[in-house]
Amino acid sequence: MTVDATLTQAATPPGATTTPPSGAARPTGAAPPRGDAARRAELAAFLRSRRERITPEQVGLPRGARRRTPGLRREEVAHLGAVGVTWYTWLEQGRDIHVSPQVLDAVARALLLDRAERSHLFALAGAVDPVPGKECTGVSRALRQVLDQLAPFPAVIQNSRFDILAYNSTYGQLMCDLDALPEEDRNCMWLAFTHPQWRASVVDLDATMRVMAAKFRASMAEHVAEPAWKALVARLTEASPEFREIWAQHEVVRPVSSVKLFRHPRVGVLELTATSLWTGPNPGPKLLSYTPVDETSRERLEQLEKLALVPA
């Protein structure tokens with residue numbers, strides 16, 4: 001294997017090994033096994049496609065005036081994952097290198113891979129994922145059925161970053177029309193600080209925003225270096241003066257069950273008890289359900305479900 005002058009073995013990071021560039025590992029002129037070569041080529045193409053789909057803004061980086069590469073640059077991915085630029089370049093070029101699961105984990109996080117994409121990365125690299133399912137972004141069919149059966153009680157699946165992963169029809173109309181929102185905006189933190197209709201539905205908005213920001217900061221302690229978390233903070237900081245003020249106070253609180261008040265424009269005020277049920281290892285995705293405190297709220301939830309099934 002011939003190595004470019006700018007890509008030397010000295011730059012190979014801990015956890016990665018490479019076949020000697022002189023070809024000493026196999027007879028001169030001998031081709032690598034076809035299966036391995038095809039797998040490395042597929043891995044290289046997959047990494048490029050994931051890198052090119054991510055905008056600098058998504059990971060809190062400036063776009064700059066001279067950007068020609070679609071998405072992120074290779075050195076930006078390496079920086080976000082805290083891996084060597086040279087090594088990551090080799091990986092994207094389909095070179096014959098072998099890396100540790102820890103390095104692959106760093107790349108998966110830098111590229112914001114979901115559970116399916118992460119599994120695909122480890123399969124192509126021929127490695128075992130050390131934390132399979134730890135950051136599950138998918139919702140099983142069985143869990144979606146549970147959500148639907150809870151109606152007219154509003155119910156939603158959230159992860160610790162407040163991303164809305166799935167919800168039933170009642171929750172979808174409780175604070176705004178979630179179906180009408182792009183997926184990247186389906187995050188409770190983002191909606192609480194930026195979405196007019198969502199904000200109008202929360203009776204005690206100021207207290208709610210402060211508690212959410214404090215819960216988010218507590219959860220982020222375990223994810224402080226992850227691009228998706230940093231990107232959401234950067235996005236909120238740019239969009240919301242209220243968030244900037246609250247975030248600067250460094251308040252922390254752990255999640256607790258509580259009674260919440262919502263004001264819906266068509267059914268009126270609902271007094272609901274919020275209950276969290278973990279769907280996996282804590283802290284991970286959770287099922288958050290809202291049950292009525294009184295008969296009036298129960299009747300209004302039933303009205304809301306009818307509205308959700310037959311939109312006005």
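Residues numbered from 1 in each chain as written. Predicted model: local features only at pLDDT ≥ 70, side-chain atom pairs only at ≥ 80, totals over all residues. Heavy atoms only, no water.

**Overview of the state of the cysteines**
Applying the stated criterion across every chain, the model contains zero disulfides. Just so you know, C176 is unpaired, no disulfide at all, and the nearest cysteine sulfur is the one on C188, 9.4 Å from it. In this structure C176 comes out as buried when scored by relative accessible area, which is 1%. For C188, a relative accessible area of 3% corresponds to the buried category. (Disulfide = S-S within 2.5 Å. Buried < 20%, exposed > 50% of the residue type's maximum accessible area, 1.4 Å probe, protein only.)

**Let's talk about the packing of aromatic side chains**
Tallied over the full model, the rule gives seven aromatic pairs. Seen in terms of ring centroids, F216 and W229 are 5.1 Å apart; in terms of plane orientation they differ by 35°. Their pairing is tilted. A residue pair is termed long-range when its members are at least 10 positions apart, and F216 in helix 10 (residues 205-220) and W229 in helix 11 (residues 227-239) qualify at 13 residues. Using a relative accessible area of 0% as the deciding quantity, one classes F216 as buried. Since its relative accessible area comes to 0%, W229 is described here as buried. By the ring-pair criterion, three or more aromatic residues cluster together here, those being F193, F216, W229, F243 and W247. We note R217 situated over the ring of W247; from NZ or CZ to the ring centre the distance is 3.8 Å. (Phe/Tyr/Trp six-rings, centres within 6.5 Å; stacked < 30°, edge-to-face > 60°. Helix = DSSP H or I, 4+ residues; strand = E, 2+ residues; numbered from the N terminus. Lys NZ or Arg CZ within 6 Å of the ring centre and 35° of its normal.)

**Overview of the packing of helix 4 (residues 101-110) against helix 5 (residues 115-125)**
For the pair helix 4 and helix 5, interaxial distance at closest approach is 10 Å and the crossing angle is 145°. When the axes of helix 4 and helix 5 are compared, the crossing they make is right-handed. Here helix 4 contributes P101, L104, D105 and A108 to the contact with helix 5, which in turn contributes R118, L121, F122 and A125. Class assignment of the residues belonging to the contact of helix 4 with helix 5 gives a composition of six nonpolar, no polar and two charged. (Axes fitted to C-alpha atoms, helices over the stretch in contact; angles between N-to-C directions. Left-handed = near helix turned anticlockwise from the far one by under 90°. Contact = heavy atoms within 4.5 Å. Nonpolar A, V, L, I, M, F, W, Y, C, P; charged D, E, K, R; others polar.)

**Some remarks on the environment of W247**
Mapped onto the elements of the fold, W247 is located in helix 12 (residues 241-247). Through-space distance from the C-alpha of W247 to that of L236 is 9.7 Å; in sequence the pair is eleven residues apart. Sequence-distant contacts of W247, that is, excluding residues within four places in its chain, are made with A213, F216, R217, M220 and V233.

**Looking at the pattern of salt bridges**
Applying the stated criterion across every chain, the model contains 14 salt bridges. One salt bridge connects E76 with R73, and the closest N-O pair in it is separated by 3.4 Å. On the accessibility criterion, E76 (12% relative accessible area) is buried. Among the residues examined, R73 registers a relative accessible area of 26% and is labelled partly exposed. A salt bridge links R298 to E295, with the shortest nitrogen-to-oxygen separation between them at 3.9 Å. Here R298 and its partner E295 are both found in helix 13 (residues 295-309), three residues apart, which amounts to about one turn of the helix. (Salt bridge = Lys/Arg side-chain N within 4 Å of Asp/Glu carboxyl O.)

**Looking at the pairing of strand 3 (residues 155-158)**
Here strand 3 shows a buried face lined by A155 and I157 and a second buried face lined by V156 and Q158. In this structure, strand 3 lies alongside strand 7 (residues 286-292), joined through four bridges in antiparallel fashion. If you follow A155 over to strand 7, its bridge partner there is S289. Pairing between strand 3 and strand 4 (residues 164-167): three bridges, direction antiparallel. Across the sheet, the residue bridging to Q158 is I164, located in strand 4. In this antiparallel pair of consecutive strands, strand 3 and strand 4, the connection spans five residues, and F162 shows a positive phi of 70°. (Pairing = 2+ DSSP bridges.)

**Overview of the sheet that holds strand 7**
The strand order across the open sheet built from five strands is 4-3-7-6-5, with neighbouring strands paired in antiparallel fashion. Each of the sheet's edge strands pairs with one partner strand only, and the pair in question is strand 4 and strand 5 (258-264). Mean inter-strand twist for the sheet, computed between neighbouring axes without regard to direction, equals 30°. Sheet topology places strand 6 (residues 268-278) next to strand 7; seven bridges connect them, and they run antiparallel. Bridge assignment links T275 to a residue of strand 7, and that residue is S289. Sheet strands in contact with helix 13 are strand 5, strand 6 and strand 7, and its direction is about 85° off that of strand 6.

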